[in-house]
Amino acid sequence: MGPSGAHTTVVHLGMRTDDSYELLRQFASPLVAITTAWRGRTNGMISDSAVRASISPAVPRISVFVHKWHFSHDLIWDSGRFGLHMLHEGQLGLVYELGFVSGRDRDKLAGIPHRIGASGVPLLEDCYAAFECRVINTMDNGFATMFLGDVLATHPGRGDAAMTPPYLRANMPAAWREEFLRNYRVAQEHIDQHREIQDLHWKAAGR
Ligand SMILES: Cc1cc2nc3c(=O)[nH]c(=O)nc-3n(C[C@H](O)[C@H](O)[C@H](O)COP(=O)(O)O)c2cc1C
């Protein structure tokens, strides 16, 4: 950013960034796998937008932003539940399996060992830690919904370190990089076209 605050946008294999966005990017969370289940369909996706939403162990809460065009969005919205898994550094392959293609057309969890938790969400057997969450509120972000969840149950997993976005970027196999940046660009285009806040009200009734 120059002294006037002007930004120079850089295009990297389609994905756009500038000095301001590179600073905002530092607010990304550790990598998490979000799982869902509704009416016989299960699914999983990857996110780096999970944030602790309470500092009291008596009121454990967490939030996550999910883009509206993702299959996971529909399943979380309808079920009012999500599983949130912190990943360990040995799980780069899972990031590719859940975070690069949509589950609309294929069952992404079919080959990934998991069980269904008491809340009904899929719990991945391998993770750093898993949380079963119940949606208690949402906030509209135009192109995404922020789901705020009560943590119903916590399941410690394994691994020495939670996977962070800098770790992912430094260790992502070169063969994935182009696809990763192409997906990023497509998501940026969706966002640019759907920035208006909508008056959507999620209702917990009946869930
Ligand atoms: C490192 C990484 C971080 C991501 N973070 C988010 C995120 O915070 N929110 C989101 O909606 N999608 C995020 N995604 C994209 C989804 O995980 C991805 O598009 C996924 O295929 C959606 O799957 P679904 O359509 O089966 O739900 C991320 C992907 C990666 C690889």
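Located above this text is the structure these notes cover.
Participant: Mind laying out the environment of histidine 67, listing which residues take part and the relevant values?
Facilitator: In this structure, histidine 67 sits in strand E6 (residues 61–67). Judged by relative accessible area, histidine 67 falls into the partly exposed class, the value being 23%. In sequence terms histidine 67 and threonine 145 are 78 residues apart; their C-alpha atoms lie 6.4 Å from each other.

Participant: For the sheet that holds strand E11 (residues 144–156), give the residues involved together with the corresponding values.
Facilitator: Reading across the sheet, the 7 strands line up as E4-E3-E7-E10-E11-E6-E5 and stay open at both edges, with antiparallel pairing between neighbours. The strands lining the two open edges of the sheet, one partner per strand, are strand E4 (41–47) and strand E5 (50–52). Each strand of the sheet is rotated relative to its neighbour by a mean of 30°, with strand direction disregarded. As paired strands, E6 and E11 are joined by 7 bridges and run antiparallel to one another. Across the sheet, phenylalanine 65 pairs through a bridge with methionine 146, a residue of E11.

Participant: I'd like a rundown of the site of the ligand, residues and numbers included.
Facilitator: Around the ligand sit 22 residues in total, of which Ile46, His67, Ser72, Ser102 and Gly103 are the nearest. A distance of 3.0 Å is found between a nitrogen atom of the ligand and a backbone nitrogen or oxygen belonging to phenylalanine 65. Across the complex, the protein chains shield 88% of the 650 Å² of accessible surface that the ligand would expose by itself. Listed by contribution, the elements that provide at least two residues to the shell around the ligand are E4, E6, helix H2 (71–79) and helix H3 (92–99). Per-element tally for the shell around the ligand: the top contributor is E4, with 4 residues. A per-class count over the shell around the ligand returns 11 nonpolar, 9 polar and 2 charged.

Participant: Which residues make up the nonpolar core, and what are the values?
Facilitator: For soluble globular proteins, nonpolar side chains are generally found buried alongside one another. The biggest cluster of nonpolar side chains holds 17 residues, and the ones touching the most others in it are Ile34, Ile62, Ile76, Phe82, Leu84, Cys133 and Phe147. Counting only elements with at least two residues in this core, the list comes to strand E3 (32–38), E6, strand E7 (81–86), strand E10 (129–140) and E11. The dominant element in this core, judged by the number of residues it contributes, is E10, at 4 residues. Each residue touching isoleucine 34, except ones within four places of it in the same chain, is listed here: Asn43, Gly44, Met45, Ser47, Val64, Ile76, Phe82, Gly83 and Leu84. Grouped together as the second largest cluster of nonpolar side chains are 16 residues, Ala33, Leu87, Leu92 and Met163 included.

Definitions and cut-offs
- Residues numbered from 1 in each chain as written.
- Predicted model: local features only at pLDDT ≥ 70, side-chain atom pairs only at ≥ 80, totals over all residues.
- Heavy atoms only, no water.
- Helix = DSSP H or I, 4+ residues; strand = E, 2+ residues; numbered from the N terminus.
- Buried < 20%, exposed > 50% of the residue type's maximum accessible area, 1.4 Å probe, protein only.
- Pairing = 2+ DSSP bridges.
- Axes fitted to C-alpha atoms, helices over the stretch in contact; angles between N-to-C directions.
- Near = heavy atom within 4 Å.
- Polar contact = N/O pair within 3.5 Å; in protein donor to acceptor, adjacent residues only side chain to side chain.
- Areas by Shrake-Rupley, 256 points an atom, 1.4 Å probe, with all protein chains shown as cover.
- Nonpolar A, V, L, I, M, F, W, Y, C, P; charged D, E, K, R; others polar.
- Core = buried A, V, L, I, M, F, W, Y, C linked by side-chain atoms within 4.5 Å.
- Contact = heavy atoms within 4.5 Å.

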